Amino acid sequence: DRHDELSELAQQFNRMVQSLRRNQQALLENQQALNDAQIRMLQAQLNPHFIFNTLDVVGILIEEAEPPASPAAQVADHLAAILRYSLAGIDLVDLETELQYTRQYLFILEQRYGNNFRTEFDFEPGMMQVPVPRMLLQPLVENAVFHGIAAGPEDEGGLVSLRGRVLKYTFGARTIDAVQIDVIDNGTGIPADALAALNRELRDSETIATRHIGLRNIAQRLALLFPHRYEMTIHSMSGYGTCV
């Protein structure tokens, strides 16, 4: 009996030692992960600082070489402003601020594509102070231009419309005050099978394919900031355009 008790104690001791070793290994791995994350954070702080300073230099050189307020100088200024805005340490901004930076981004795109597309804004005045996620609209506008309008014939006039309205929205048994924001283009559209798959993925933001990084980012931030209080849907017809 004493032999059995000693054997059991030895086994328990061995299990305890193994558990301590596993915990120690996990702690070492966690520490390494924290160190790696800190390094990435420091690099992330350094890279934008370098970019901002470089853009300032580019803007000065452009202003010295070209007339004041030239498109090139404005592009440099707008890009620097958008980068600072994208890295601001805030989650929500008012819609008026978000639209201001969206217009700056559209100005940059207009320099790239010339007269191939135009933009229009149609928002109810009472919406301007509504809080929205920072950089909510830029990825959607980018998709509308790059994947919608630019992918089509150059001789067809492209249109990007941004619209917003206040409404009552029903989630299950609840009706709430809400806003609807649409980003619409008259570009190439999305084939029906790809559209159906994308809308299925949007219902669970974790499943969105990594190639849709802009949509994934928006959907995941909406889910975190407005859990069970948002909906993101894409309507499209191949050859006619897309609405998000």
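This text follows the structure it describes.
Now for a quick tour of the structure.

Conventions used here
Residues numbered from 1 in each chain as written. Predicted model: local features only at pLDDT ≥ 70, side-chain atom pairs only at ≥ 80, totals over all residues. Heavy atoms only, no water. Helix = DSSP H or I, 4+ residues; strand = E, 2+ residues; numbered from the N terminus. Buried < 20%, exposed > 50% of the residue type's maximum accessible area, 1.4 Å probe, protein only. Contact = heavy atoms within 4.5 Å. Areas by Shrake-Rupley, 256 points an atom, 1.4 Å probe, with all protein chains shown as cover. Pairing = 2+ DSSP bridges. Axes fitted to C-alpha atoms, helices over the stretch in contact; angles between N-to-C directions. Phe/Tyr/Trp six-rings, centres within 6.5 Å; stacked < 30°, edge-to-face > 60°. Lys NZ or Arg CZ within 6 Å of the ring centre and 35° of its normal. Expected span 1.5 Å × (residues − 1). Patch = residues over 30% accessible without salt bridge, like charges linked within 9 Å, V, L, I, M, F, W, Y side chains within 5 Å. Salt bridge = Lys/Arg side-chain N within 4 Å of Asp/Glu carboxyl O.

### Considerations on the overall build of the protein
Across its full length, the protein carries six helices and seven strands. Walking the protein from its N terminus toward its C terminus, one meets helices and strands in the order α-α-β-α-β-β-α-β-β-α-α-β-β. Counting across all 244 residues of the protein, residues that qualify as buried make up 32%. Sequence separation of 24 or more characterises 68% of the internal contacts of the protein that already satisfy a separation of 6 or more. Split by element, the accessible area of the protein, about 15,900 Å² in all, is 55% carbon and sulfur.

### Thoughts on the sheet that holds strand β6 (residues 235-237)
What the five strands build is an open sheet, ordered β2-β4-β5-β7-β6; its pairing is mixed. Pairing within the sheet leaves two strands with one partner each, and these edge strands are β2 (117-123) and β6. Sheet twist, expressed as the mean angle between neighbouring strand axes with direction ignored, is 15°. Examined bridge by bridge, strand β4 (residues 158-171) and strand β5 (residues 174-185) share 12 bridges and lie antiparallel to one another. Each bridged residue has a counterpart across the sheet, and for Thr-170 the counterpart in β5 is Thr-175. Along the sheet face, helix α3 (residues 95-113) touches β2, β4 and β5 and points at about 170° away from the line of β2.

### As for the environment of Cys-243
Position of Cys-243 among the secondary structure elements: in strand β7 (residues 241-243). On the basis of relative accessible area, Cys-243 is assigned to the buried category, the value being 16%. Distance in space between the C-alpha atoms of Cys-243 and Thr-233 is 8.3 Å, their sequence separation being 10 residues. Other than its neighbours up to four places away in sequence, Cys-243 contacts Asp-182, Val-183, Ile-184, Thr-233, Ile-234 and His-235.

### Concerning the packing of aromatic side chains
Per the counting criterion, the structure on display carries three aromatic pairs. Where Tyr-85 meets Tyr-101, the ring centres are 4.0 Å apart and the plane angle is 5°; that geometry is what we call stacked. Of this pair, Tyr-85 sits in helix α2 (residues 71-86) while Tyr-101 sits in helix α3, and the two are 16 residues apart along the sequence. Aromatic pair Tyr-113 and Phe-117: ring centres 6.5 Å apart, planes at 70°, arrangement edge-to-face. Residue Tyr-113 is classed as buried on the basis of its relative accessible area, which comes to 12%. Among the aromatic residues, ring-to-ring pairing joins Tyr-113, Phe-117 and Phe-146 into one connected group. In this structure, Arg-103 packs its charged tip against the face of Phe-121, placed 4.0 Å from the ring centre. A cation over a ring is seen here: Arg-112 above Tyr-113, with NZ or CZ 4.5 Å from the ring centre.

### Observations regarding helix α4 (residues 138-149)
If you check α4, its first and last C-alpha atoms are 15 Å apart, about what 12 residues at 1.5 Å a residue would give, namely 16 Å. Those residues of α4 that fall on the buried side of the exposure criterion are Gln-138, Pro-139, Leu-140, Val-141, Ala-144, Val-145, Gly-148 and Ile-149.

### Here we look at a nonpolar patch on the surface
A cluster of nonpolar residues, Phe-13, Met-16 and Leu-20, forms a patch on the protein surface that exposes about 330 Å² of accessible area. As for its position among the elements, Phe-13 is in helix α1 (residues 2-65).

### Re unusual backbone geometry
Leaving glycine out, the prevailing phi sign among residues is negative, and the prevailing peptide bond configuration is trans. Non-glycine residue Met-135 carries a positive phi angle of around 60°. Within the element layout of this structure, Met-135 appears in the loop between β3 (131-133) and α4.

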